[in-house]
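Chain by chain, the residues:
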Amino acid sequence: MDPQKLIQTRYGFALPDIYRALLVKGHFTTKPWKNYLSFDDCEWLSLDQIANYKFLDFQITSDGGFVPFAVSSRRDEYCWRLDWATGTESPVVFCEYGESGFGYAPDFRGFLYRKALEEFAGHNDFANDEGKLVELRQAVKIISPHLPTSWSNQLRELAACGLDDWHTGEYGELYVLPKSELADRIASQLAFPQLNETFAQDKERARRTE
């Protein structure tokens with residue numbers, strides 16, 4: 001069966017238009033690398049991996065209602081959370097490999113925007129590596145046509161900064177967007193009822209808090 005149909009059958013969920021548009025253009029595969037949509041510590045799952053993904057037994061996600069599309073190096077998951085949907089698309093949550101998760105973005109478009117913003121705010125592994133900045137600029141180039149004009153303009157302005165314009169934070173991270181501005185942009189531009197709301201990942205803990 002076609003992997004997208006398998007996803008629909010397992011989760012009762014249709015992949016969002018913007019995700020499918022990027023998928024068709026090959027931005028979720030590393031061959032060729034220059035076409036890859038690269039974010040720091042974010043590995044895209046293939047359609048087969050999404051359709052057959054196995055959550056850990058202790059996770060609330062294993063009971064259904066979460067559709068994973070990317071993972072971190074330690075197996076944190078970015079998922080669409082179906083029971084939080086109020087419109088045409090489900091919000092995106094970050095499911096930590098541990099006790100909790102939180103509401104990340106109102107939809108996949110918001111996920112792309114927030115992920116890019118966070119890298120400009122120091123959530124990156126630049127270490128003065130010009131190549132990492134090239135990858136981030138490439139990411140902005142890939143996602144900008146799919147974002148609202150105001151978001152695209154903000155990202156392009158940040159991407160135009162050279163490494164000499166970046167600052168070093170207290171933990172050695174490099175940033176060009178102060179954390180206070182990051183928080184303000186997320187709060188004002190990505191608002192939805194569960195934004196940054198935490199939820200229990202451990203099923204037993206989730207039951208105790210119900």
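Residues numbered from 1 in each chain as written. Predicted model: local features only at pLDDT ≥ 70, side-chain atom pairs only at ≥ 80, totals over all residues. Heavy atoms only, no water.

Asker: It is not clear to me how unusual backbone geometry should be interpreted in this structure. Could you clarify?
Answerer: Of all residues except glycine, most have a negative phi; of all peptide bonds, most are trans. At Asp-41, a position not held by glycine, the phi torsion is positive, near 50°. Tracing the chain through its elements places Asp-41 in the loop between α2 (17-24) and β1 (43-44). Its relative accessible area of 38% is what places Asp-41 among the partly exposed residues. At Arg-75, a residue that is not glycine, the phi angle is positive and equals roughly 85°. Of note, Arg-75 is situated in the loop between β2 (66-71) and β3 (77-81). (Helix = DSSP H or I, 4+ residues; strand = E, 2+ residues; numbered from the N terminus. Buried < 20%, exposed > 50% of the residue type's maximum accessible area, 1.4 Å probe, protein only.)

Asker: I'm lost on the environment of Glu-173 in this one. Help?
Answerer: Here Glu-173 lies in the loop between β6 (167-168) and β7 (174-175). For Glu-173, a relative accessible area of 14% gives the class buried. Placed 159 residues apart in sequence, Glu-173 and Ala-14 show a C-alpha to C-alpha distance of 38 Å. Once residues within four sequence positions are removed from consideration, Glu-173 is found in contact with Gly-122, His-167, Thr-168 and Lys-179. A polar contact is formed between the side chain of Glu-173 and the backbone nitrogen of Tyr-171, at a distance of 3.1 Å. (Contact = heavy atoms within 4.5 Å. Polar contact = N/O pair within 3.5 Å; in protein donor to acceptor, adjacent residues only side chain to side chain.)

Asker: For this particular structure, what's the right way to read the packing of helix α4 (residues 108-120) against helix α7 (residues 179-189)?
Answerer: Two packed helices can be described by the angle between their axes and the distance between those axes. Remark: α4 packs on α7, axes separated minimally by 10 Å, with the N-to-C direction vectors making an angle of 170°. It follows that α4 is roughly antiparallel to α7 by the angle criterion. For the pair formed by α4 and α7, the contact residues are Tyr-113, Arg-114, Leu-117 and Glu-118 on the first element and Leu-182, Arg-185, Ile-186 and Gln-189 on the second. Split into classes, the residues belonging to the contact of α4 with α7 amount to four nonpolar, one polar and three charged. (Axes fitted to C-alpha atoms, helices over the stretch in contact; angles between N-to-C directions. Parallel < 35°, antiparallel > 145°, perpendicular 65-115°, else oblique. Nonpolar A, V, L, I, M, F, W, Y, C, P; charged D, E, K, R; others polar.)

Asker: Looking at this structure, how should I read the pairing of strand β4 (residues 92-95)?
Answerer: Two faces, one strand: in a regular strand the side chains alternate between the faces of the sheet. Where burial is concerned, the two faces of β4 agree: the one with Val-92 and Phe-94 and the one with Val-93 and Cys-95 are both buried. Judged from the four bridges that link them, β4 and strand β5 (residues 100-105) form a sheet pairing that is antiparallel. Counterpart to Phe-94 in the pairing with β5 is Phe-102. Where β4 folds back onto β5 in an antiparallel hairpin, the turn is made up of four residues. (Pairing = 2+ DSSP bridges.)

Asker: Is there a simple way to think about the pattern of salt bridges in this case?
Answerer: Pairing between side chains becomes possible if they bear opposite charge and their charged atoms approach one another. Under the definition given, this model contains seven salt bridges. Residues Asp-17 and Arg-20 are paired through a salt bridge, measuring 2.3 Å at the closest nitrogen-oxygen approach. Remark: Arg-20 and Asp-17 occur in helix α2; sequence separation between them is three residues, near one turn of the helix. The partner of Glu-181 in a salt bridge is Arg-185, with the nearest N and O atoms 3.6 Å apart. In this pair, Glu-181 and Arg-185 both sit in helix α7, four residues apart, roughly one turn of the helix. The exposure class of Glu-181 is partly exposed, given its relative accessible area of 34%. (Salt bridge = Lys/Arg side-chain N within 4 Å of Asp/Glu carboxyl O.)

Asker: Which parts of the structure should I look at to understand the packing of aromatic side chains?
Answerer: Geometrically, a pair of aromatic rings is defined through the distance of the ring centres and the angle of the planes. Counted under the stated rule, the structure contains 27 aromatic pairs. Measuring from ring centre to ring centre gives 5.5 Å for Tyr-78 and Tyr-104, while their planes differ by 75°; the resulting arrangement is edge-to-face. You can see Tyr-78 sitting in strand β3 and its partner Tyr-104 sitting in strand β5, a full 26 residues away along the chain. Of the two residues examined, Tyr-78 and Tyr-104, each falls in the buried class. Here Phe-94 and Phe-102 contribute two aromatic rings whose centre-to-centre distance is 5.7 Å and whose plane-to-plane angle is 55°, an arrangement assigned as tilted. Over the ring of Phe-199 we find Arg-81, and its NZ or CZ is 4.8 Å from the ring centre. Residue placement shows Arg-114 over the ring face of Tyr-104; its charged tip is 4.4 Å from the ring centre. (Phe/Tyr/Trp six-rings, centres within 6.5 Å; stacked < 30°, edge-to-face > 60°. Lys NZ or Arg CZ within 6 Å of the ring centre and 35° of its normal.)

Asker: What should I look at first to understand the layout of surface pockets in this one?
Answerer: Any empty space left between atoms is shown by rolling a water-sized probe over those atoms. Looking at the largest pocket, its volume works out to about 220 Å³. Forming the walls of the largest pocket are 13 residues, and the residues nearest its centre are Asp-40, Asp-41, Tyr-78, Lys-115 and His-123. Elements represented by at least two residues in the lining of the largest pocket include exactly β5 and α4. Its residues placed into classes, the lining of the largest pocket shows four nonpolar, three polar and six charged. (1 Å grid on protein atoms, 1.4 Å probe; cavity = no way out; pocket = protein on both sides within 12 Å on 5 of 7 lines; lining within 4 Å. Points joined across faces, edges and corners; volume = space filled by probe spheres on them.)

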